[in-house]
Amino acid sequence: MNGKLNRFLLCVNNKAYPASLELQKVYKAIPDDDAATRKFVRIVDESGTDYLYPESLFVQIPLPPSGAKYFPTRYVKVANLNALSAKKGKNGKKTATAKSRS
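Residues numbered from 1 in each chain as written. Predicted model: local features only at pLDDT ≥ 70, side-chain atom pairs only at ≥ 80, totals over all residues. Heavy atoms only, no water.

1. Structural notes on the packing of aromatic side chains
- This model, assessed by the stated rule, comprises 3 aromatic pairs.
- With a centroid separation of 4.9 Å and 85° between ring planes, the pair formed by Tyr-17 and Tyr-53 is classed as edge-to-face. A residue pair is termed long-range when its members are at least 10 positions apart, and Tyr-17 in the loop between strand E1 (8–11) and strand E2 (26–30) and Tyr-53 in strand E4 (residues 49–54) qualify at 36 residues.
- Relative accessible area serves as the criterion here: at 30%, Tyr-17 is assigned to the partly exposed category.
- Seen in terms of ring centroids, Tyr-27 and Phe-58 are 6.1 Å apart; in terms of plane orientation they differ by 85°. Their pairing is edge-to-face. (Phe/Tyr/Trp six-rings, centres within 6.5 Å; stacked < 30°, edge-to-face > 60°. Helix = DSSP H or I, 4+ residues; strand = E, 2+ residues; numbered from the N terminus. Buried < 20%, exposed > 50% of the residue type's maximum accessible area, 1.4 Å probe, protein only.)

2. Digging into the pairing of strand E3 (residues 40–44)
- With 2 bridges connecting them, E2 and E3 associate as antiparallel partners. Within E3, the residue paired with Ile-30 across the bridge is Arg-42.
- The pairing of E3 with E4 spans 5 bridges and is antiparallel. Following the sheet pairing, Val-44 is matched in E4 by Asp-50.
- Linkage of E3 to E4, two consecutive antiparallel strands, is achieved through a turn of 4 residues, within which Gly-48 is found at a positive phi near 90°. (Pairing = 2+ DSSP bridges.)

3. What about unusual backbone geometry?
- Residues other than glycine seldom take positive phi values, yet Gln-24 does so here, at roughly 70°.
- Looking at the element boundaries, Gln-24 is found in the loop between E1 and E2.
- Taking relative accessible area as the criterion, Gln-24 reaches 65% and is therefore assigned exposed.
- Despite not being glycine, Lys-39 has its phi angle at roughly 65°, a positive value.
- Here Lys-39 shows up in the loop between helix H1 (33–37) and E3.

4. Thoughts on the nonpolar core
- Within the largest apolar cluster, 10 residues are counted, these being Leu-9, Cys-11, Leu-21, Tyr-27, Ala-29, Val-41, Ile-43, Tyr-53, Leu-57 and Phe-58.
- Within the residue set of this core, elements represented by two or more residues are E1, E2 and E3.
- Setting aside residues no more than four positions away along its own chain, Leu-57 makes contact with Leu-10, Cys-11, Val-12, Asn-13, Tyr-17 and Leu-21. (Core = buried A, V, L, I, M, F, W, Y, C linked by side-chain atoms within 4.5 Å. Contact = heavy atoms within 4.5 Å.)

5. Remarks on the pattern of salt bridges
- A complete count under the given rule lists 3 salt bridges for this structure.
- For Arg-42, the salt bridge identified is with Asp-32, shortest N-O distance 2.7 Å. Of this pair, Arg-42 sits in strand E3 while Asp-32 sits in the loop between E2 and H1, and the two are 10 residues apart along the sequence.
- A salt bridge links Asp-50 to Arg-42; its shortest N-O distance comes to 2.5 Å.
- Assessed through its relative accessible area of 6%, Arg-42 is described here as buried. (Salt bridge = Lys/Arg side-chain N within 4 Å of Asp/Glu carboxyl O.)

6. Concerning the confidence of the model for the protein chain
- Here the protein chain averages 73 in pLDDT, and 64% of its residues register 70 or above.
- Within the model, pLDDT remains below 50 along residues 74–102, and this stretch shows 39 contacts once partners closer than five positions in the same chain are excluded. (pLDDT = per-residue confidence, 0-100.)

Written out as structure tokens, the structure reads:
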């Protein structure tokens with residue numbers, strides 16, 4: 001899917017994620033270049049946390065600037081795969097822990 005800023009996606013398939021995605025709901029995409037290279041999109045789902053979903057579950061829709069202002073730009077909980085930090089556990093091996101963003 002092209003374009004990074006103010007991308008709005010219409011959910012057209014939620015069969016694999018019925019509790020997380022609402023069919024025919026418009027979601028604002030969060031820019032994520034790594035996800036895009038893997039054909040995923042990052043959105044804030046019904047849990048209030050951002051997650052990656054296959055881009056095939058959505059279609060990009062045009063939204064005029066007058067409508068875009070009604071979509072929130074902040075979100076409370078964030079699952080950021082890029083914010084994984086390596087820490088040594090009790091056994092001396094590195095373990096990944098997620099840093100939270102607010």
